Amino acid sequence: EPRVFSGIQPTGAPHLGNYLGALQSWVQLQNGYSSVLYSIVDLHSITVPQDPETLRQSILNMTACLLACGINPDRSCIFQQSQVAEHAELGWILNCLTSMPRLMHLPQWKIKSQKNEGSVGLFTYPVLQAADILLYKSTHVPVGDDQVQHLELTQDTARKFNNTYGDFFPIPVALMGTSKKIRSLRDPSVKMSKSDPQKLATVHLTDTPEDIVLKFRKAVTDFTSEVTYDPVLRPGVSNLVSIHSAMTGLGTEDIVRQSRGIETAQYKLLVAEMVVEKLTPIREEFQRLQGDVGYLKNVLNSGAQQARELASSVYDDVCKMVGFR
Ligand code: AQP
């Protein structure tokens with residue numbers, strides 16, 4: 001039976017990269033699949049330091065954002081990862097099937113452990129991700145461009161389990177969004193990220209139209225005024241084209257053709273307007289939902305209940321196969 005699973009970290013308001021790379025397709029998948037789970041992965045978020053009060057608030061804000069984007073709790077199970085204990089439990093078992101060198105080369109570890117001390121949790125979080133997915137015997141995982149290698153680890157881990165203990169987990173496949181990785185507006189050599197400390201780098205779904213226009217106006221490009229698509233030589237302007245492309249579904253070549261004669265300064269504003277138009281209804285709905293904490297908690301509680309039911313039965317079988325029962 002096909003089942004979709006994906007997760008997002010409650011490390012701040014989701015951004016344009018999260019939206020174009022993941023959330024946009026999350027909404028569409030609700031129509032194509034009967035079993036869909038979306039998790040707010042708080043266990044993952046503490047792999048780098050978090051302030052407890054901020055985290056508590058971010059979990060509710062993320063819930064409101066997902067709903068505002070169009071995730072429908074009647075069609076999808078929206079839940080908080082830490083409310084289903086089996087994620088950590090299966091994570092442990094899978095940790096014991098994974099070698100250190102396999103994790104050492106993953107890009108997120110390399111990048112994030114430079115910025116922080118690099119906790120053991122950060123090192124092994126791709127294995128917890130594998131547990132998140134496999135705990136529901138998920139078959140399809142929508143992810144952004146930046147997560148492909150982690151999904152490959154999940155596939156390897158499922159195979160390792162199946163070879164060790166007997167055929168059990170389906171090998172999940174990635175559902176790639178059409179979007180390229182969206183990059184920071186201040187430094188196109190890094191991806192757009194919720195936790196980027198540079199204020200103008202990230203467009204959040206909760207930004208006002210004025211914020212959005214300002215951020216695009218200040219977006220780093222180069223000294224050529226034409227709009228072209230060349231991610232290697234012109235990463236800044238190419239990032240704008242990628243955003244334009246993901247927003248409209250147009251190919252980058254078509255966009256470049258359409259934009260002949262437009263200077264990059266003008267082009268920034270054009271893309272900004274497009275983003276404002278797309279995000280305004282989301283921001284308004286987010287603000288409305290933010291005021292209804294009781295409803296948000298209800299959504300999370302009933303999501304957790306549904307998720308626990310599925311998880312406990314799979315985990316029970318795993319325990320038998322491993323020899324715990
Ligand atoms: N820049 C991006 N472009 C395209 N897709 C992206 N995703 C994240 N950044 C981009 C996709 O969004 C989904 C949720 O991501 P996440 O919150 O679980 O983790 P992350 O990748 O670590 O996101 P951030 O924004 O960079 O958060 P922080 O700053 O906390 O680390 C994933 O499907 C991801 O592919």
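Nothing here was measured: the structure is a model prediction, and the numbers come from that model. (Residues numbered from 1 in each chain as written. Predicted model: local features only at pLDDT ≥ 70, side-chain atom pairs only at ≥ 80, totals over all residues.)

## Quick notes on the confidence of the model for the chain
Residues at a pLDDT of 70 or more form 100% of the chain, whose mean pLDDT is 95. This prediction of the complex comes with two scores: 0.93 for pTM and 0.95 for ipTM. (pLDDT = per-residue confidence, 0-100.)

## A look at the pairing of strand E5 (residues 173-176)
Where strand E4 (residues 140-143) lies against E5, four bridges are found, and the strand directions are parallel. Note that in E5 the partner of histidine 140 across the bridge is valine 173. Assessed by its sense of winding, the connection that carries the chain from E4 through helix H8 (residues 148-165) to E5 is right-handed. (Pairing = 2+ DSSP bridges. Helix = DSSP H or I, 4+ residues; strand = E, 2+ residues; numbered from the N terminus. Right-handed = clockwise from strand over helix to strand, strands pointing away.)

## Some details on the site of the ligand
Inspection of the region around the ligand gives 22 residues, with Thr11, Gly17, Gly21, Gly144 and Ser195 positioned closest. Of all the secondary structure elements, the ones that give two or more residues to the shell around the ligand are strand E1 (4-8) and helix H1 (16-32). At four residues, the largest contribution of residues to the shell around the ligand is made by H1. (Near = placed C-beta within 6 Å.)

## Remarks on unusual backbone geometry
Positioned with a positive phi, lysine 137 is a non-glycine residue whose angle comes to about 50 degrees. Along the polypeptide, lysine 137 turns up in the loop between helix H7 (120-134) and E4.

## Let's talk about the packing of helix H4 (residues 86-95) against helix H13 (residues 293-322)
Following both chains from N to C, one finds H4 and H13 inclined at 25 degrees, their axes separated by 10 Å at the closest point. Relative to H13, the element H4 lies roughly parallel. For the element pair H4 and H13, the recorded crossing hand is left-handed. Together, Glu86, Glu89, Leu90 and Ile93 of H4 and Ala311, Ser312, Tyr315, Val318 and Val322 of H13 make up the contact between the two elements. Residues belonging to the contact of H4 with H13 are distributed by class as follows: six nonpolar, one polar and two charged. (Axes fitted to C-alpha atoms, helices over the stretch in contact; angles between N-to-C directions. Parallel < 35°, antiparallel > 145°, perpendicular 65-115°, else oblique. Left-handed = near helix turned anticlockwise from the far one by under 90°. Contact = placed C-beta atoms within 7 Å. Nonpolar A, V, L, I, M, F, W, Y, C, P; charged D, E, K, R; others polar.)

## Some words on the nonpolar core
In terms of nonpolar packing, the biggest core is built from 77 residues, with Leu16, Leu37, Cys65, Leu66, Ala131 and Leu134 touching the most fellow members. Sort the elements by how many residues they give to this core and helix H3 (residues 52-69) lands first, with eight residues. The residues that make up this core include at least three from each of domain 1 (4-181 + 293-322) and domain 2 (209-288). (Core = buried A, V, L, I, M, F, W, Y, C linked by C-beta atoms within 7 Å. Buried ≥ 20, exposed ≤ 12 C-beta atoms within 10 Å, placed from the backbone. Domains from an automatic or database assignment.)

## Considering the environment of lysine 160
Considering the arrangement of structural elements, one finds lysine 160 in helix H8. Assessed through the 17 C-beta atoms surrounding it within 10 Å, lysine 160 is described here as partly exposed. Separated by 156 residues in the primary sequence, lysine 160 and valine 4 place their C-alpha atoms 21 Å from one another.

## Some remarks on the domain arrangement of the chain
Split by domain assignment, the chain resolves into domain 1 (4-181 + 293-322) and domain 2 (209-288). The centre of domain 1, based on its C-alpha atoms, is set 30 Å off from the matching centre of domain 2. At four residues, the largest contribution of residues to the side of domain 1 that touches domain 2 is made by H3. Considering only residue class, the side of domain 1 that touches domain 2 consists of six nonpolar, two polar and one charged.

## Some thoughts on the environment of aspartate 207
With respect to the helices and strands, aspartate 207 occurs in the loop between E5 and helix H9 (209-217). Given 20 C-beta atoms within a 10 Å radius, aspartate 207 is considered buried. Through-space distance from the C-alpha of aspartate 207 to that of arginine 260 is 30 Å; in sequence the pair is 53 residues apart.

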